[in-house]
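Letter by letter, the chains look like this.
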Amino acid sequence: DQQVKQNSPSLSVQEGRISILNCDYTNSMFDYFLWYKKYPAEGPTFLISISSIKDKNEDGRFTVFLNKSAKHLSLHIVPSQPGDSAVYFCAASIMDSSYKLIFGSGTRLLVRP
Amino acid sequence: EAGVAQSPRYKIIEKRQSVAFWCNPISGHATLYWYQQILGQGPKLLIQFQNNGVVDDSQLPKDRFSAERLKGVDSTLKIQPAKLEDSAVYLCASSANPGGVTSYNEQFFGPGTRLTVL
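One structure accompanies this document, and this report is about it.

### Structural notes on the interface of chain A and chain B
Chain A puts 19 residues into the contact, and the matching count from chain B is 27 residues. On the chain A side of the interface with chain B, the three residues burying the most area are Y32, Y99 and K100 of chain A, jointly 29% of the side's total. Where chain A meets chain B, there are one salt bridge. Of the charged contacts in the structure, one is a salt bridge between D56 of chain B and K100 of chain A, with a shortest N-O distance of 3.4 Å. If you look at where chain A meets chain B, you find four residue pairs in polar contact (both at pLDDT 80 or more). Listed by contribution, the elements that provide at least two residues to the side of chain A that touches chain B are strand 4 (32–38), strand 5 (45–51) and strand 10 (101–103) of chain A.

Quick look at the structure:
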């Protein structure tokens, strides 16, 4: 039962362009969504989050959009840089479920110089 | 501030052998998590501790996996006996106590232990 889905295993973009990573979820009880970034041989690191009561959160080059009616969120990276090349995981949590994070399968982003 | 430490970084064993992983969380973090990440998948929570008590172990295969958190700080995860399908990266994470209704619970991950079962 995959409650959080990332349907694109990989994405390749040119440096300076926009990267858009997508995530779909099925459980309407999720109240927070997070994006984590993972480099090879390292653990995931937190990137940005959004509460379910908001539809947009921005932090520098990173913006997350949430569409609750579609149960869809996306991460926009503008402009993309080669150092952004990594695996990006979407995760969701429910406050009354001990804040457990449920992760998607990840999208590997390659930013070409 | 030191991050989450894990050891060993890599381990190769044969099936039916046993193995143990160690995790030292960020100082002061009350909550500790163990995740299993199989190649091509996202991390899956195995067990969550709050101080030295278990909060959630619903996805821990208890017939072969065990975990403990000594004195509410370090933790060990053990597999006995290992199966081929246990080959994965085992991630430890920690977090401060969850905040109020408008906050989330950011988890800080260690580098993981890559286990290969032959």
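### Some words on the state of the cysteines
With the rule as written, the count across this model stands at two disulfides over all chains. Disulfide pairing places C23 of chain A opposite C90 of chain A at an S-S distance of 2.1 Å. Judged by the sign of its S-S torsion, about -75°, the cystine formed by C23 of chain A and C90 of chain A is left-handed. Of the two residues, C23 of chain A sits in strand 3 (residues 19–25) while C90 of chain A sits in strand 9 (residues 86–93), which places them 67 residues apart along the sequence. Here C90 of chain A falls in the buried class, since its relative accessible area comes to 0%. Residue C23 of chain B pairs covalently with C92 of chain B via a disulfide, S to S 1.9 Å.

### Side note on the pattern of salt bridges
Residue and element names in this part refer to chain A. Considering all chains together, one arrives at five salt bridges over all chains under this definition. For D84, the salt bridge goes to K37, with nearest N and O atoms at 4.0 Å. A residue pair is termed long-range when its members are at least 10 positions apart, and D84 in the loop between strand 8 (72–77) and strand 9 and K37 in strand 4 qualify at 47 residues. Linking R61 and D84 is a salt bridge whose minimum nitrogen-to-oxygen distance equals 2.8 Å. One end of the pair, R61, is in the loop between strand 6 (56–59) and strand 7 (62–67); the other, D84, is in the loop between strand 8 and strand 9, and 23 residues separate them in sequence. The network of salt bridges with common partners includes K37, R61 and D84.

### Quick word on the pairing of strand 8 (residues 75–79) of chain B
All names here are of chain B. Burial analysis of strand 8 places four of its five residues in the buried class, which makes it a mostly covered element. Direction of pairing for strand 7 (residues 65–69) relative to strand 8: antiparallel, over a ladder of five bridges. Pairing of R69 across the sheet is with S75, part of strand 8. What sits between strand 7 and strand 8 in their antiparallel hairpin is a turn of five residues, with K71 showing a positive phi close to 55°.

### Description of the pairing of strand 9 (residues 88–95) of chain B
Residue and element names in this part refer to chain B. For strand 9, a buried count of eight out of eight residues is recorded, marking the element as mostly surrounded by other parts of the structure. Residues A88, Y90, C92 and S94 of strand 9 are buried on one face, and the alternating residues V89, L91, A93 and S95, pointing to the opposite face, are buried as well. Relative to strand 9, strand 4 (residues 31–37) is paired through seven bridges, and the arrangement is antiparallel. Across the sheet, the residue bridging to Y33 is A93, located in strand 9.

### Thoughts on the layout of surface pockets
In this model, the largest pocket occupies a volume close to 570 Å³. Elements with a minimum of two residues in the lining of the largest pocket: strand 9 and strand 11 (107–112) of chain A together with strand 9 and strand 11 (113–117) of chain B. Ranked by residues supplied to the lining of the largest pocket, first place goes to strand 11 of chain A with four residues. Residue composition of the lining of the largest pocket, grouped by class: 14 nonpolar, 10 polar and three charged. The computed volume of the second largest pocket comes to approximately 440 Å³. Along its surface, the second largest pocket is lined by 22 residues, and I102 and F103 of chain A together with P43, K44 and Q59 of chain B are the ones closest to its centre. Sorting the residues of the lining of the second largest pocket by element identifies strand 10 of chain A together with strand 5 (44–50) of chain B as the ones contributing at least two each. Top element by residues in the lining of the second largest pocket is strand 10 of chain A. It accounts for three residues. Looking at side-chain class alone, the lining of the second largest pocket contains nine nonpolar, 10 polar and three charged residues.

Procedures and definitions
- Residues numbered from 1 in each chain as written.
- Chains lettered and ligands numbered in written order.
- Predicted model: local features only at pLDDT ≥ 70, side-chain atom pairs only at ≥ 80, totals over all residues.
- Heavy atoms only, no water.
- Contact = heavy atoms within 4.5 Å.
- Buried area = accessible area lost by both parts, 1.4 Å probe.
- Salt bridge = Lys/Arg side-chain N within 4 Å of Asp/Glu carboxyl O.
- Polar contact = N/O pair within 3.5 Å; in protein donor to acceptor, adjacent residues only side chain to side chain.
- Helix = DSSP H or I, 4+ residues; strand = E, 2+ residues; numbered from the N terminus.
- Disulfide = S-S within 2.5 Å.
- Buried < 20%, exposed > 50% of the residue type's maximum accessible area, 1.4 Å probe, protein only.
- Pairing = 2+ DSSP bridges.
- 1 Å grid on protein atoms, 1.4 Å probe; cavity = no way out; pocket = protein on both sides within 12 Å on 5 of 7 lines; lining within 4 Å.
- Points joined across faces, edges and corners; volume = space filled by probe spheres on them.
- Nonpolar A, V, L, I, M, F, W, Y, C, P; charged D, E, K, R; others polar.

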